[in-house]
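# Analysis of the macromolecular model
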Amino acid sequence: MLDWLYTLAPGLENTVALLSLHPPGWGGNLLRGAWASLQIAAGAFGVGLLLGTFGALGKLNGGPVTRDLLAVYTTVVRAVPELILILIIYYAGTDLLNQVLRALGQRPVEVSGVAAGIFVLGIVQGAYATEVLRGAIQAVDKGQIEAGRAYGMGPITLFRRVTFPAMLPLALPGLSNLWLIATKDTALLAIVGFSELTLETRQAAGSTRAYFTFFLAAGALYLTMTLISGRVFGWIEAHYRRGDPRPTRGRA
Amino acid sequence: MTTSPNVPQPNAPRPGTLPRAPLRVLWREIMQPHRLVLIALALGIATYAGTTMRWHWIPRYADLALQGFWRTIWLLALSCVLGFMLAIPLGLAQAAGPRYLAIPARTFCTIIRGTPLLLQLWLIYFGLGSLFPQFPMIRESELWPYLRQAWPYALLALTLSYAGYEGEVMRGAFRSVPNGQLEAGRAFGMSRFAILRRIWLPQALQRALPTIGGETVLQMKATPLVATITVIDIYAVASRVRQDTFIIYEPLLLLAVVYLMIAGLLTLVFRLLERRYPCGQ
């Protein structure tokens, strides 16, 4: 079927064979790696959102000590390279867990790569999400929150019904950026030896010596992920902005 | 709390570098009871760590660490400077260029921003590195002694990455300069290059400065990746200590402190720059 293409480009048959999904080819491994990357990115993003929500609320409504501690958390995490945080949290987390297990009289366990990756990247994402959500919550009109309070809403109802829906469109561009960072940061787990897309690619490239083929294929996979998720975030933002007045043209 | 003036201030700038008012504000910020307790607590933890953890490896690796630190710094500085020189034409092409320049520039920025730096680094190092020796012309050239080392590939990858992110920033910055400014330049009879040099670029830079500061810190956070292609930067030295001595936490913690200090320095430099060239609204 593709014979005419192969006669045009003689190297193509080789490339297709290398990338084929079945065992002599490495395509299946790459896709498995991409799936692992996506899972970790989604998990880390979720953990980050949770941490970020509490962090933002703590920074805005917490006492002085809470605020200072949160400031230390966001500053340190945003200033130290992710790679080093990953190593520190990975080793320290495993160590602590095993010490707790030993204290409880249990056997030490080997931490699964996915769980560790989600945990570590989630903590990193949480620091960035704190700042994004804090900015968005601050930008919500004070009058709306006061109106909610005047209706007698409790803090949780107020957050669920007023603050959260009002801040979401403001936070979405920042959150979409964070999701892109999460998908790309999963590549760092390759260095701790977790077989996500980048490490699978390197193994495939190393054993076949077809470096360009595999790294370009992996690049295309990452690019597909980021482009598609950019589009999806665009839709979500359009959905939550549907009540906004149309932007007026011509004003500065 | 009568002895409070003796509490050291880790964040206080040297007198003379900043005007007096911020210093006084800073002093008042620190002189709050809960902060003093937190600072004391942090100092306590630091002294505890300094006295009880294992630091005996430091003298043995000090020279190597200094070299690694220097390598990190110059990789960061050179890649930022070169990357930014690439970013200006990339931004300009996207903001005002003809389509045959704008589309490649946008594609470049999308690809760089859409794939992990680690992948780009490995593509350049392993891909080009395996390709170059096949050409006798390259192998016999004057450049070959350099191309056999790892750092040119690291520098290339970091530069391209910075150019991709900054090109996007500069696109927005060039667009945000009001058209009237450029029209005024044209009315003065300035050439297009003179307008770019005297009006467009300076105003775009002023607007982009805060973003560029943040991006430079992100670039600094990306530098340890070069250790994966055998460039011995400060991170690689710490990994080596870990492998040689099986001491895990101490080198990593020290490394985190070093990066924190670099980040603090970068933030300070950019804050001074922003004060020197304020973003005129």
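Residues numbered from 1 in each chain as written. Chains lettered and ligands numbered in written order. Predicted model: local features only at pLDDT ≥ 70, side-chain atom pairs only at ≥ 80, totals over all residues. Heavy atoms only, no water.

Bringing the overall build of chain B into the picture now. Along its length, chain B carries 12 helices and zero strands. Walking chain B from its N terminus toward its C terminus, one meets helices and strands in the order α-α-α-α-α-α-α-α-α-α-α-α. In terms of overall size, chain B is more extended than a compact globule, its C-alpha atoms giving a radius of gyration of 24 Å where 281 residues would be expected to give roughly 19 Å. Projected onto its principal axes, the C-alpha positions of chain B cover 65 × 55 × 30 Å. Each of the 281 residues in chain B was classed as buried or not, and the buried ones make up 40%. By sequence separation, contacts in chain B at least 24 residues apart represent 78% of the contacts at least 6 residues apart. Summing over all exposed atoms, chain B offers an accessible surface of approximately 16,200 Å²; the carbon and sulfur share of this is 66%. Here chain B holds 26 positive side-chain charges and 12 negative ones, and the gap between their average locations is 8 Å. (Helix = DSSP H or I, 4+ residues; strand = E, 2+ residues; numbered from the N terminus. Rg over C-alpha atoms; globule rule 2.2 N^0.38 Å. Buried < 20%, exposed > 50% of the residue type's maximum accessible area, 1.4 Å probe, protein only. Contact = heavy atoms within 4.5 Å. Areas by Shrake-Rupley, 256 points an atom, 1.4 Å probe, with all protein chains shown as cover. Lys, Arg positive; Asp, Glu negative; His and termini not counted. Charge placed at Lys NZ, Arg CZ, Asp CG, Glu CD.)

The next point concerns the pattern of salt bridges. A complete count under the given rule lists eight salt bridges over all chains for this structure. Here A:Glu131 ties to A:Arg134 by a salt bridge, and the two come within 3.0 Å at their closest N and O atoms. Taken together, the positions of A:Glu131 and A:Arg134, both in helix 6 (residues 113-138) and three residues apart, correspond to about one turn of that helix. The partner of B:Asp244 in a salt bridge is B:Arg240, with the nearest N and O atoms 3.8 Å apart. With B:Asp244 and B:Arg240 both in helix 11 (residues 234-245) and four residues apart, this pair spans about one turn of that helix. B:Arg240 sits in the partly exposed class, given a relative accessible area of 40%. By sharing partners, the salt bridges in this structure join A:Lys59, A:Glu131 and A:Arg134 into a single network. (Salt bridge = Lys/Arg side-chain N within 4 Å of Asp/Glu carboxyl O.)

Time to look at the interface of chain A and chain B. Taken together, the contact between chain A and chain B spans 36 residues of the former and 37 residues of the latter. Interface area lost by chain A to chain B is led by A:Lys184, A:Phe212 and A:Phe215, which between them contribute 17%. Inspection of the region where chain A meets chain B yields two salt bridges. Across the salt bridge formed by B:Lys221 and A:Glu82, the nearest N and O atoms sit 3.4 Å from each other. (Buried area = accessible area lost by both parts, 1.4 Å probe.)

On to the layout of surface pockets. All names here are of chain B. Of the volumes computed, that of the second largest pocket is approximately 850 Å³. In this structure, the second largest pocket is lined by 36 residues; those nearest its centre are Ile73, Leu76, Ile262, Leu265 and Leu266. Counting only elements with at least two residues in the lining of the second largest pocket, the list comes to helix 3 (58-96), helix 10 (192-222), helix 11 and helix 12 (249-276). It is helix 3 that provides the largest number of residues to the lining of the second largest pocket, a total of 12 residues. Along the lines of polarity and charge, the residues of the lining of the second largest pocket split into 34 nonpolar, two polar and no charged. (1 Å grid on protein atoms, 1.4 Å probe; cavity = no way out; pocket = protein on both sides within 12 Å on 5 of 7 lines; lining within 4 Å. Points joined across faces, edges and corners; volume = space filled by probe spheres on them. Nonpolar A, V, L, I, M, F, W, Y, C, P; charged D, E, K, R; others polar.)

What follows deals with the side chain of B:Glu215. All names here are of chain B. Looking at the secondary structure, you find glutamate 215 in helix 10. At 6.4 Å, arginine 113 is the nearest oppositely charged side chain to glutamate 215, a buried residue that forms no salt bridge. What glutamate 215 contacts, discounting residues up to four positions off in sequence, is Tyr162, Tyr165, Glu166 and Val169.

What follows covers helix 2 (residues 33-52) of chain B. For helix 2 of chain B, built from 20 residues, the straight-helix expectation of 28 Å at 1.5 Å per residue is met to within 8% by its first-to-last C-alpha distance of 28 Å. For helix 2 of chain B, the set of buried residues is B:His34, B:Leu36, B:Ile39 and B:Ala49. (Expected span 1.5 Å × (residues − 1).)

All names here are of chain B. As a packed pair, helix 10 and helix 12 sit with axes 10 Å apart at the nearest point and diverge in direction by 165°. In terms of their interaxial angle, helix 10 and helix 12 are classed as roughly antiparallel. In this structure, the crossing between helix 10 and helix 12 has a hand that is right-handed. Between helix 10 and helix 12, the residues in contact are Leu209, Pro210, Ile212, Gly213, Thr216, Val217 and Met220 and Tyr259, Ile262, Ala263, Leu266, Thr267, Phe270, Leu273 and Glu274, respectively. Of the residues that constitute the contact of helix 10 with helix 12, the class distribution is 11 nonpolar, three polar and one charged. (Axes fitted to C-alpha atoms, helices over the stretch in contact; angles between N-to-C directions. Parallel < 35°, antiparallel > 145°, perpendicular 65-115°, else oblique. Left-handed = near helix turned anticlockwise from the far one by under 90°.)

Moving on: the confidence of the model for chain B. Regions with low pLDDT should not have their predicted coordinates read in detail. Residue and element names in this part refer to chain B. Looking at chain B, the pLDDT average stands at 85 and 91% of residues meet or exceed 70. Confidence scores differ between elements of chain B, with helix 1 (residues 20-30) showing the lowest mean pLDDT of 73 and helix 8 (residues 151-176) the highest of 93. Note that residues 1-18 has pLDDT below 50 and, in this model, 18 contacts with residues that lie over four places away or in other chains. For this predicted complex, the interface score ipTM comes out at 0.82, while the overall pTM is 0.84. (pLDDT = per-residue confidence, 0-100.)

Once that is clear, we can look at the nonpolar core. A:Ile84 and B:Phe174 are the most contacted members of the largest nonpolar core, which totals 118 residues. Ranked by residues supplied to this core, first place goes to helix 10 of chain B with 12 residues. Not counting chain neighbours up to four residues away, the residues in contact with A:Ile84 comprise B:Tyr235, B:Leu252, B:Leu255, B:Ala256 and B:Tyr259. (Core = buried A, V, L, I, M, F, W, Y, C linked by side-chain atoms within 4.5 Å.)

A separate point is the environment of A:Arg102. Residue and element names in this part refer to chain A. Inspection of the secondary structure assignment puts arginine 102 in helix 5 (residues 82-103). For arginine 102, a relative accessible area of 52% translates into the label exposed. Through-space distance from the C-alpha of arginine 102 to that of alanine 136 is 43 Å; in sequence the pair is 34 residues apart.

Let us now look at the packing of aromatic side chains. Two descriptors summarise a pair of aromatic rings, namely the distance from one centre to the other and the angle between the planes of the rings. One pass over the structure, following the stated rule, counts 12 aromatic pairs over all chains. Taking the centre distance of 6.4 Å and the plane angle of 15° together, the rings of A:Phe215 and B:Phe126 count as stacked. You can see A:Phe215 sitting in helix 10 (residues 211-240) and its partner B:Phe126 sitting in helix 5 (residues 117-131), one on each of two chains. For the residue pair A:Phe215 and B:Phe126, the accessibility class agrees, reading buried in each case. Look at B:Trp74 and B:Trp151: their rings are 5.7 Å apart centre to centre, the planes differ by 85°, and that puts the pair in the edge-to-face class. (Phe/Tyr/Trp six-rings, centres within 6.5 Å; stacked < 30°, edge-to-face > 60°.)

Our next topic: the side chain of B:Ser79. Mapping B:Ser79 onto the fold places it in helix 3. Those residues within four positions of B:Ser79 in sequence are excluded, and the remaining contacts are B:Trp74, B:Leu155, B:Leu158, B:Thr159, B:Tyr162 and B:Gln219.

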